[in-house]
Amino acid sequence: MTTQSHAFDETTDVETDLIEGDDSGDSFTGHDEYDNELTTEGLDLEERQALRRVVGMSTELTDISEVEYRKLLLERVLLVGVWTEGSAEDADNSLAELKLLAETAGSEVLDGVIQRRKKPDPATFIGSGKVADLRNLVASLGADTVIADGELAPAQLRNLEDRLKVKVVDRTALILDIFAQHAKSKEGKAQVELAQLQYMKQRLRGWGGNLSRQAGGRVGAAGGGIGGRGPGETKIETDRRRINTKIAKLRRTLKNMKSTRSTMRQERRRNLVPSVAIAGYTNAGKSSLLNQITGAGVLVEDALFATLDPTTRRTTTADGRVYTLTDTVGFVRHLPHDIVEAFRSTLEEVADADLLLHVVDGSHPDPIAQIQAVREVLAEINATDVPEIIVINKADAADPLALAPILHREPGAIVVSARTGEGIDKLRELLEGALPQPHVALEVLLPYDRGDLVSRIHSEGSVEHLEHTADGTRMTARVHPALAGDLTPYATA
């Protein structure tokens with residue numbers, strides 16, 4: 001609750017005389033001057049003992065009597081993009097995606113502008129003439145941040161901030177900020193911090209005295225003592241050295257975490273458990289699909305990059321075979337290279353998988369562009385050789401006519417709805433049929449006291465025929481070579 005001092009609510013007679021009287025001083029007698037001096041001294045003392053409120057300095061809302069009615073003051077941002085290739089619709093979709101990213105980061109988008117150019121201006125991204133127009137737009141809208149739809153070079157970032165007089169953020173920094181908000185696990189936080197430091201290292205700026213050089217030893221007339229008279233290390237060099245040290249430490253930490261993740265993958269491979277990875281564009285419904293198939297209970301939210309940490313769940317096929325399903329981080333157009341490098345250990349779950357479920361948002365205005373963006377990232381992590389099933393999600397919200405071009409372009413695609421469950425059973429059948437099949441065919445007669453081998457055949461192999469006889473369990477199945485060796489003593493002719 002805001003309090004207000006009432007020390008000056010009532011105007012004294014002396015104040016009225018001082019305000020309304022003649023400032024020449026001819027009408028005052030010596031006695032009046034003495035009384036006036038005493039009164040002025042009294043006011044000075046009273047003013048020193050009171051807090052004087054300056055009207056209009058507070059940024060709080062007018063009515064703040066109830067805490068729950070206070071509004072969060074969001075950053076007011078203006079979006080700017082450069083249209084260099086493609087159609088006008090492509091440029092509009094890119095800026096619309098930037099708007100969703102900005103809102104996810106916690107900002108209020110005021111407006112968005114696009115400039116048609118052959119290539120971005122190397123100095124200011126949009127050209128010096130358009131910078132002046134953009135500055136007038138920033139002033140008229142009252143924006144405090146400008147977000148560029150692209151990765152700005154350090155010089156472009158510096159020039160724009162100097163001319164616009166507001167904070168300038170590029171698409172890469174925006175995505176890194178969202179990742180920093182949503183990372184929950186220790187590995188995820190370390191990966192995001194590594195990407196942020198790699199991005200920041202190239203964009204360090206010195207301000208005024210921060211560029212001054214350090215002097216070693218005792219400072220003397222020449223600027224330093226013995227051994228310290230040469231040029232010292234600048235503040236910006238010190239910051240860059242500390243960032244490099246921190247990057248090296250984070251890489252060592254992530255290397256240890258990578259070995260742990262590799263050990264888990266090797267354990268699954270040793271037990272011959274097939275792995276399926278779910279990849280796709282952000283907010284395409286990957287986590288919802290994982291919940292539908294395995295009942296994992298992963299966080300589901302209609303937001304970009306709602307989940308960053310990979311989640312692996314074990315499930316079984318209709319015939320009892322065990323396999324794992326992994327939900328990975330979502331992709332986006334122009335995903336920052338630093339993010340790909342930092343999350344490489346996580347993305348290796350996709351490259352090492354036996355099967356890839358590529359989830360596409362069927363309700364998106366340009367789903368084909370989403371497929372291309374995801375495949376570009378898959379090529380960057382060497383995952384193009386993994387067998388792929390295109391899963392078009394959100395069939396309940398998609399226009400059937402809009403899905404026709406995707407089905408024509410991707411003949412093996414399947415349309416599902418993770419929200420309503422439509423097409424999930426058909427997807428399970430398609431998934432189970434695409435899993436790697438054991439290739440050693442044999443027929444065995446197992447005694448009833450070897451139920452452990454029967455269980456292994458169900459979980460690790462594919463059962464074609466099963467019959468319970470008086471002598472034991474007769475099974476015709478396909479199994480892996482390791483299990484086939486254990487079953488050899490019970491093989492029939």
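Fair warning: this is a prediction, and the values are worked out from it, not measured in the lab.

Below, the discussion takes up the overall build of the protein chain. Within the protein chain, the secondary structure is distributed over 16 helices and 13 strands. Within the span of the protein chain, comprising 493 residues, buried residues form 40% of the whole. Accessible surface for the protein chain amounts to roughly 27,600 Å². Of this, 50% is attributable to carbon and sulfur atoms.

Here strand E6 (residues 311–316) runs beside strand E7 (residues 322–327); their pairing, made up of six bridges, is antiparallel. Along E7, the bridge assignment pairs Thr-316 with Val-322.

Turning our attention to the pattern of salt bridges. Oppositely charged side chains can form a pair if their charged atoms are brought close together. One pass over the full model with this rule turns up 17 salt bridges. Of the charged contacts in the structure, one is a salt bridge between Glu-97 and Arg-171, with a shortest N-O distance of 2.4 Å. Residue Glu-97 is located in helix H3 (residues 88–105), and its partner Arg-171 is located in helix H6 (residues 171–182); the two are separated by 74 residues in the primary sequence. Judged on exposure class, the residue Glu-97 and its partner Arg-171 are both buried. If you follow the salt bridges from partner to partner, you end up with Glu-97, Asp-149, Arg-171 and Arg-333 in one network.

So, on to the side chain of Gln-370. Looking at where Gln-370 falls in the secondary structure, it is placed in helix H12 (residues 367–380). Apart from the residues within four sequence positions on either side, Gln-370 is in contact with Tyr-281, Val-360, Asp-361 and His-364.

The subject of this paragraph is the sheet that holds strand E2 (residues 107–116). Strand order in the open sheet made by the four strands is E2-E1-E3-E4, with parallel pairing throughout. Strand pairing shows two members of the sheet lacking a second neighbour, E2 and strand E4 (167–170), which therefore form its edges. Recorded for the sheet is a direction-independent mean angle of 25° between the axes of neighbouring strands. Looking at chain direction, strand E1 (residues 75–83) and strand E3 (residues 145–148) are connected through four bridges and run parallel. The residue bridging Leu-78 from the neighbouring strand is Val-146, located in E3. Here helix H4 (residues 128–141) sits on the sheet and contacts E1, E2 and E3; the angle it forms with E1, its principal contact strand, is near 155°. Contacts from helix H5 (residues 154–164) reach E3 and E4, with the element oriented near 150° to E4.

Attention shifts here to the sheet that holds strand E12 (residues 462–468). The three strands are arranged E11-E13-E12 in an open sheet whose pairing can be described as antiparallel. Single-partner strands in this sheet number two, and they are strand E11 (440–446) and E12. The average angle at which neighbouring strand axes cross in this sheet is 10°, direction not considered. Where E11 meets strand E13 (residues 473–479), seven bridges bridge the pair, whose relative direction is antiparallel. Considered in E13, the bridge of Glu-443 is made with Thr-476. Along the sheet, helix H15 (residues 451–460) makes contact with E11, E12 and E13, crossing E13 at roughly 35°.

This part is about the pairing of strand E9 (residues 388–393). The side chains of a regular strand alternate, first on one face of the sheet and then on the other. Burial analysis of E9 places five of its six residues in the buried class, which makes it a mostly covered element. Across six bridges, the pairing between strand E8 (residues 355–361) and E9 is parallel. Among the inter-strand pairings, Val-359 is bridged to a residue of E9, identified as Val-391. Of the crossover connections in this fold, the one passing from E8 over H12 to the parallel E9 is right-handed. Alignment of E9 against strand E10 (residues 414–415), held across two bridges, turns out to be parallel. In the strand pairing of E10, Ile-392 is matched with Val-415. Handedness of the crossover joining E9 and E10 through helix H13 (residues 400–409): right-handed.

Calculation notes
- Residues numbered from 1 in each chain as written.
- Predicted model: local features only at pLDDT ≥ 70, side-chain atom pairs only at ≥ 80, totals over all residues.
- Heavy atoms only, no water.
- Helix = DSSP H or I, 4+ residues; strand = E, 2+ residues; numbered from the N terminus.
- Buried < 20%, exposed > 50% of the residue type's maximum accessible area, 1.4 Å probe, protein only.
- Areas by Shrake-Rupley, 256 points an atom, 1.4 Å probe, with all protein chains shown as cover.
- Pairing = 2+ DSSP bridges.
- Salt bridge = Lys/Arg side-chain N within 4 Å of Asp/Glu carboxyl O.
- Contact = heavy atoms within 4.5 Å.
- Axes fitted to C-alpha atoms, helices over the stretch in contact; angles between N-to-C directions.
- Right-handed = clockwise from strand over helix to strand, strands pointing away.

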